[in-house]
Structure formats: structure tokens, C-alpha cells
Amino acid sequence: MLWVLRGGLLLLLLLAFLDPRWPLRGRVVYLLDFSPSAREGVFALAGSLPRDGVYLAFAERVVRLPTPTARRLDLGEGTDLRAAFREAERLRPARVVLVSDGLFPPLAPPFPLDVLPVSPKPHVAVRLVPPPYPLYGETVGVGVVLEAPVPTEARLRVEGPGGLLVRSLRVAGRRVLTYTFPLTGEARVLAVAEGVWGRSQAEARLAPADRGKALVLGDPALARYLEAQGFAVEEGPFRLPLEADLVAVGLGVLDLPEGAPEALRDFLRQGGGLLFTATPRGLFLGGWDRALPEDLPLKPLGRKGAALVLVLDVSGSMEGEKLSLAVAGALELVRSAAPEDYLGVVLFSSGHRVLFPPRPMTAQAKKEAESLLLSVRAGGGTVLGGAFREAVRLLQGVPAERKGVLVLTDGLISDPQGPILDLAGASGLEVSALALGEDADAAFLEALARRGGGRFYRAASPRELPRLFLKEGQEVFQGGSLEGRFPLQAAPHPLVQGQAFPPLALLLPARAEPWAEVLLKSGERAVLALGERGEGRVAALATDLSRSWREWEGAAAFLGGLARYLMGGRRALALQAYPEGEGVRVVALGGWESPLLLAGGEEVPLVPAGPGRYEAWTRAEGVLLDGKRRLPLSLPLPGEWTPRDGEAVLRAMAEGSGGRLLRPGESPPPPVAALPLRPYLLALALLLFLLERVLEARVSPGTLPRPLGK
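Bear in mind the structure is a predicted one, so any value in this text is a computation, not a measurement.

Asker: Is there a simple way to explain the sheet that holds strand 22 (residues 453–459) in this structure?
Answerer: Pairing within the open sheet is mixed, and its six strands lie in the order 19-18-17-20-21-22. The sheet is open, and its two edges are formed by strand 19 (352–360) and strand 22, each paired on a single side. On average, each strand axis in the sheet is inclined to that of its neighbour by 10°, with strand direction left out of account. With six bridges joining them, strand 18 (residues 342–348) and strand 19 adopt antiparallel strand pairing. In the sheet register, Tyr-342 faces strand 19, and the bridge partner there is Pro-360.

Take a look at the structure:
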């Protein structure tokens, strides 16, 4: 008996070591998608599902259903698949079947997953994306985003300050329209989409975030137009730093402080907006084509060249700062000359020599002239006569209608004055003179300018020389304007599209630079041109607004739009958003300092991706911070009705987990739940072991029968 028990015990231990399992029918958990896009398809399929499973319905929340045909409409409008997976995992299923339309991001299941696709409900979702930083008076665009998971017909109605917009359209995937209107206060926009599927709507409220700041110099007419468009306008004075988004210039170079051209150039290159207008002292009449030759989009057209010879004192008294600043002034003359202008320099001290004869100021000629001027040295006496006669002789053969001589000296000339004055009166040239310092013979120089029909300048210190040279060059190298009636032709550009421009009363004949875009022209003459220089935008308007467009009702709106475009490079709080994966790539363009995105409770840095361009990727809407700015962001994040290939999403989830893609009417294979037998075998082995011990205790040696004969 004991040997039998011991054999059975060993057999049970061996079987327990092999860990056999008994096949049983496992539990099947069905996850039913009750989100708005899928619930109708799931309801239609519920009657064909087996009754012996465990059913969980989910949307934003998860609940257990008594039967597959039970319906719940109170689970929210979103889809939380992760919560549904967690709830199913708690039930220890042998198999899970997901019944859904797949309109959600793929999620790796923690168990083998079979999927049963249903078609999403025909529906058009609508939402509004307002501009993040609208300006007062700006024509803003509110994005109307329509999304449909399956192609659907819809009737769209948008109401707001821009009037009523009604459209019948077919939405397949995502479609975006723009509703535009001028923003002059708080505004409300309502969008409603209707169809056989029902109705959806969205509402947006927006208010001006700021007013554009414009510094207007010398153009009161433009200032009034911009004020009417809601700009914060300041009419001078010119002071640094320039704290404006736009600087409009209707004054001449010499009407502004020293260093103004350089400051305006830096302002433009760093993202500011510049606008030049043709007031009586502006644009070409103010010398801006010479002061900013590389940054002005218009240049004079058909202007006749002039010729000027500088007769420069290089005697010993000019040595040092005087000569350095006289050369700097001469360099201003060189830079301010146009290619059709002629410029020459004659030096005098005890004698005279021609530094270079009058020549057209081409780019190469300017380089050579600058090099020669920088090589000038001082020494000797002050003998003017020979140098003056040489200047007159040099100009005789120059093909220019206007010719002039500019004499600069800081002392008393040592040769007779009479012949020089007589030659100035008889030469037919425009003779000007510049007296430098208190020791200069101002009386003689003033008489020289009077006899020659030119201008007399007095410079108390050498530092005044560059501006006086620039002024003389502006007088000689000047252009003219035309008066009359000049019809306009507009180019295909959003700024001028749909505008009816009246003729101009005054026009500066101009041509556009190759890098500029012409928006308005009159015949072959460019009237309005603009372009980008560095990070900023610049435009030139070749008419005087105080004389042109005074009766045109659309002038303020057009000029306001032009101003906003120009300051866009600096203000440029333009935000763009592109769907990327399961989130959105945000692109911020413009003059940001250190932008930071707060989204979903986390800080998301915007990484510089180019000049004035920052990028970030986010899964949530949030707020963009930049200094004192705080901009709420409405982003086109994937939503309940975001168009996707739902079946492809479900197939990927099933294949990745070892499951299958099922078709309607197809049941999943019966799940097999293997019951482990080891615990039962070990328990039975323990019982046999105890039984053996009991029997051994009963059959002890003292109780065995004695043999016979003992």
C-alpha cells in the first residue's frame, strides 16, 4: 500500500514539474466606440454581436453595458481610447474586440486586439480660428475650418462685421475659408454649417490687440489718412531710437539731423517699415535717391545729368581735422551723384593739380574717386587763380546742361581777386563758394558766389562740411516734377486689387529698381514701388498726397493697408499652424524677442528656424508669451471629426498587437483560456504525502506480528 502511495506521489510531482494546462473558453471584452462620429455605426452593428461577451462603451468616459444593444449618449463628445484600454485590462480578457470608426491617433494596445471597423457618421464640423494679434483698423481674416470624415454636402453661413457669407459646398477632408473685415472695435463672428446630417456651429470674438505706431515726417496729409485708419501717429521730431513700426518720410535729407539716413537704413534692415512720399521736400526732391541709393525702390526717370567740379584748398592751414572733414564732405558729393552726373576735383595750394577730371559717376568711377580723395595731403600756400581757371576749362567739354564749380578754402588767397571774379561772371557756370573757419576771406568768397550766380556757405567748424557739401550736391544734382492729369494702372497685387485709383495731379517721373515690385504706374513711369531690404519693407510713392487723391474716398483705406504691409516686417506677429502627425507645428514670423509657448501646462520653447522665424510642435492650444505680449492661440488640432483613414488606423493597431481586422458579420475566433494544473497537482501530491505519513504511523515495527517458534 505504501509503495503505491509513494509511486502516485512521485507521478504527481513529475506532472507538476511539467506544468500542464487545461483548455477553457476565455472571456471576450468588446469595446464599443460611442463617440459622436462612431456611435450610429456601432448602434447599427450591435444586434449582430454575440451575447456572451463583456461589453464596455466609451467616449470621454467608460461604462459597462448589460447587453451589446444598450445605448448611452451621455459619455461625452470626445474619444479617450486609453481609458477604455485600461478598463478592459482590469477584466483580464482572453481577447478584446474594438468596434470603432478609427478617427483617433493610433494607440498600442496592451493585449491582442481584434478590430471591427464601422463607417463614421456623415458630418461637417466647423470652427473659427481668429488672428492672434489683430491691429486696430486692420483688415483681418478669421479662418473658417470645415472638417468631414467622409465627403459631405453642407450649407455654410458666416455672419459678422464683413456681412453675410453663404455658400453651398462639398467638404471632403479639411477645407478652410477666410472671412475678412476691417477691425475697428470688438467683433463677433458666427459660423453655422447645416446639412442632412444636422447642424454644427462655432463662434469667435475678437478685439484689437494694439494700434500701429507711425512716425510721419513732413507729410500732414498722410498723417491724417493714417489717423483715420486707427494708427497712433506722431508727427516728429526725428529722434533716436526710432520707437515706431513705420516711419513715413516727406522731408529732405538735410531737413533731418545728422546721421538720420544711417539710422533709417538700420531701422529698415532690422525689420522696420519705411515709406517715402513726394512732398515738395521729399523723395528725389529731398535727395533720398542719393542718401539711400541701395534702399530706395524708385529712382528718377529721365533726369538730365549735371556737372560739378570741386576746387579744394589743400594748403598747409588745412592739415589735420579740416582736411579730413573736407575730404569726408567731398566723399558725400561722390556718393550723392547719380551715374548720369559728372564730378571732378581740382586741388590747389601753392600750385594746382587735377585729382580727377569730371567723369560720369558710375559705380567704378565712384570707387576710383573715393580712393583718390583718401590719398590727398595738405601743404603749401593758397593760390586759387590757376585752379579756378582749370576747373572752368575742364567743364567746357562736358555734355551736361547744368554745370557748376564749388570753391572751398579756409584762408586768404594770395593771388589777385579781380581776374577770378571776372572769370566767374563770364564763364556761364554756376559758381558757389564755401568759407571754412574765421580766417577764410568770407567777403571775397561771397562776392565770388554772387558773381557766379551760385550759393555762399559759411562753416564755423569743419564738422559742418559734410552736410554743406551734401546740400550743394542736392542743389546741383536735382530733378523736377510734372503737373497735370496722370491716369494710373494697377498691377495684380493684393494691396491694389479691387481699387479704383483716380488720376494724379502731380508726378515725379520715376523708374523702379530691379529688386522692387511696381504696384502702380502711369504709362512707363513707376508711381508706387515696394520691396524688402534686410528684414524690413520699404516703399516709395512718387506723388504729393496733399495734391493727389484729396477727393478719393478710398485713399485712407488704401494707404492704411499699405502702411500695415510695410510695418509687417517689424510688427509681424504672424502665426501659422500646420497639422503634423498628431499635433500642430506652430510657426511664428516677425520681430519676436524670446517667444515661449505655454501649452497643456508645459513650457514649449520656440526654436529659431531662420531670420524672424520661430517654430514649435504642440499637442494642445495655449498662450504665446513674448515680453509683455500674451497671445492666446487657437490651433487646428486634430478633433473628433478630423479626417483620417480610420480603417488603416485600426488595421495597424490590430496587426501590431497580434490581432485581426474583422468584417461585419465575422466573429472573432473562440478564445482559449488555459487553466494551469500545477497548483491542483501540488495540492493532490501534498494529500498523498500526508496520507502516507499517517499509514506509516499506524504500521510501526512494535505492532507487527511475531514469527512462529519465537
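Asker: What is the right way to look at the sheet that holds strand 15 (residues 273–277) in this model?
Answerer: Whether parallel or antiparallel, the strands of a sheet pair through hydrogen bonds between backbone atoms. Read from one edge to the other, the open sheet built from eight strands follows the order 13-12-14-15-29-28-27-24, with strand pairing classed as mixed. In this open sheet, the two edge strands, each paired with only one partner strand, are strand 13 (232–234) and strand 24 (489–490). Taken together, the six bridges between strand 28 (residues 525–533) and strand 29 (residues 536–541) define a ladder with antiparallel strand orientation. When the bridges of strand 29 are listed, Glu-532 appears paired with Arg-537.

Asker: Mind showing me how you'd approach the pattern of salt bridges here?
Answerer: Two side chains with opposite charge may pair up if their charged atoms get near one another. Summed over the entire model, instances satisfying the criterion amount to 32 salt bridges. Between Lys-121 and Glu-40 there is a salt bridge, and its shortest N-O distance comes to 3.8 Å. Of this pair, Lys-121 sits in the loop between strand 6 (113–117) and strand 7 (125–129) while Glu-40 is found in helix 2 (residues 39–46), placing the two residues 81 residues apart along the sequence. A salt bridge links Glu-203 to Arg-188, with the nearest nitrogen and oxygen atoms 3.1 Å apart.

Asker: Before we go on, may I ask you to explain the packing of helix 7 (residues 321–336) against helix 8 (residues 363–373) in this structure?
Answerer: Packed helix pairs are characterised by how far apart their axes lie and by the angle those axes make with each other. Running from N to C, helix 7 and helix 8 cross one another at 175°; their axes reach a closest spacing of 10 Å. As judged from the angle between their axes, helix 7 and helix 8 are roughly antiparallel. On helix 8, the residues touching Val-327, Ala-330, Leu-331, Val-334 and Arg-335 of helix 7 are Lys-366, Ala-369, Glu-370 and Leu-373. Classifying every residue of the contact of helix 7 with helix 8 gives six nonpolar, no polar and three charged.

Asker: Hey, could you run me through helix 4 (residues 220–228) in this one?
Answerer: Along an α-helix, residues three or four positions apart point the same way, because every turn accommodates 3.6 residues. Listing the buried residues of helix 4 in full gives Ala-221, Leu-222, Ala-223, Tyr-225 and Leu-226. Note on helix 4: the residue one or two positions beyond its end, Gly-230, has a positive phi of about 90°.

Asker: Can you walk me through the pairing of strand 12 (residues 213–217) in this structure?
Answerer: In the case of a regular strand, side chains alternate between the two sheet surfaces. Burial analysis of strand 12 places four of its five residues in the buried class, which makes it a mostly covered element. Here strand 12 pairs with strand 13 via three bridges, running parallel. In the sheet register, Lys-213 faces strand 13, and the bridge partner there is Ala-232. Crossover handedness for the path strand 12 to helix 4 to strand 13: right-handed. Direction of pairing for strand 12 relative to strand 14 (residues 246–249): parallel, over a ladder of four bridges. Paired with Leu-217 across the two strands is Val-249, which belongs to strand 14.

Asker: How do you make sense of the side chain of Lys-403 when you look at a structure like this?
Answerer: Assignment of secondary structure puts Lys-403 in strand 20 (residues 402–409). Despite its burial, Lys-403 remains without a salt bridge, the nearest opposite charge being carried by Glu-401 at 11 Å. A polar side-chain atom of Lys-403 sits 2.9 Å from the main-chain carbonyl oxygen of Leu-395. Apart from residues lying up to four places away in sequence, Lys-403 is in contact with Ala-307, Leu-395, Gln-396, Val-398, Leu-429 and Glu-430.

Asker: Looking at this model, I keep getting lost on the nonpolar core. Mind explaining?
Answerer: The nonpolar side chains of a soluble globular protein tend to be buried with one another. The biggest cluster of nonpolar side chains holds 88 residues, and the ones touching the most others in it are Val-247, Phe-276, Leu-283, Trp-288, Leu-520, Trp-549 and Phe-558. If you tally residues by element for this core, the top one is helix 13 (residues 555–571), at eight residues. Sequence-distant contacts of Val-247, that is, excluding residues within four places in its chain, are made with Leu-215, Leu-217, Leu-242, Leu-264, Phe-267, Gly-273, Leu-274 and Leu-275.

Asker: Explain unusual backbone geometry to me, please; I cannot follow it from the model alone.
Answerer: The general pattern is negative phi for most residues beyond glycine and trans for most peptide bonds. A cis geometry characterises the amide bond from Gly-236 onward to Pro-237, with omega recorded as 0°. The residue Pro-237 is located in the loop between strand 13 and strand 14 in this model. Of note, the amide linkage connecting Leu-240 to Pro-241 takes the cis form, showing an omega dihedral of 0°. Structurally, Pro-241 is set in the loop between strand 13 and strand 14. One non-glycine residue, Arg-92, lies in the positive phi region at around 50°.

Asker: I tried to follow the packing of aromatic side chains on my own but got confused; where do I start?
Answerer: Two numbers describe a pair of aromatic rings. These are the distance of the centres and the angle of the planes. Tallied over the entire structure, the rule returns eleven aromatic pairs. With 5.9 Å between their ring centres and 35° between their planes, Phe-501 and Trp-549 make a pair best called tilted. Taken together, the residues span a long stretch of sequence, with Phe-501 in the loop between strand 24 and strand 25 (504–507) and Trp-549 in the loop between strand 29 and helix 13 at a distance of 48 residues. By the burial criterion, Phe-501 is buried, and Trp-549 matches it.

What counts, and at which threshold
Residues numbered from 1 in each chain as written. Predicted model: local features only at pLDDT ≥ 70, side-chain atom pairs only at ≥ 80, totals over all residues. Heavy atoms only, no water. Pairing = 2+ DSSP bridges. Helix = DSSP H or I, 4+ residues; strand = E, 2+ residues; numbered from the N terminus. Axes fitted to C-alpha atoms, helices over the stretch in contact; angles between N-to-C directions. Salt bridge = Lys/Arg side-chain N within 4 Å of Asp/Glu carboxyl O. Parallel < 35°, antiparallel > 145°, perpendicular 65-115°, else oblique. Contact = heavy atoms within 4.5 Å. Nonpolar A, V, L, I, M, F, W, Y, C, P; charged D, E, K, R; others polar. Buried < 20%, exposed > 50% of the residue type's maximum accessible area, 1.4 Å probe, protein only. Right-handed = clockwise from strand over helix to strand, strands pointing away. Lys, Arg positive; Asp, Glu negative; His and termini not counted. Polar contact = N/O pair within 3.5 Å; in protein donor to acceptor, adjacent residues only side chain to side chain. Core = buried A, V, L, I, M, F, W, Y, C linked by side-chain atoms within 4.5 Å. Phe/Tyr/Trp six-rings, centres within 6.5 Å; stacked < 30°, edge-to-face > 60°.

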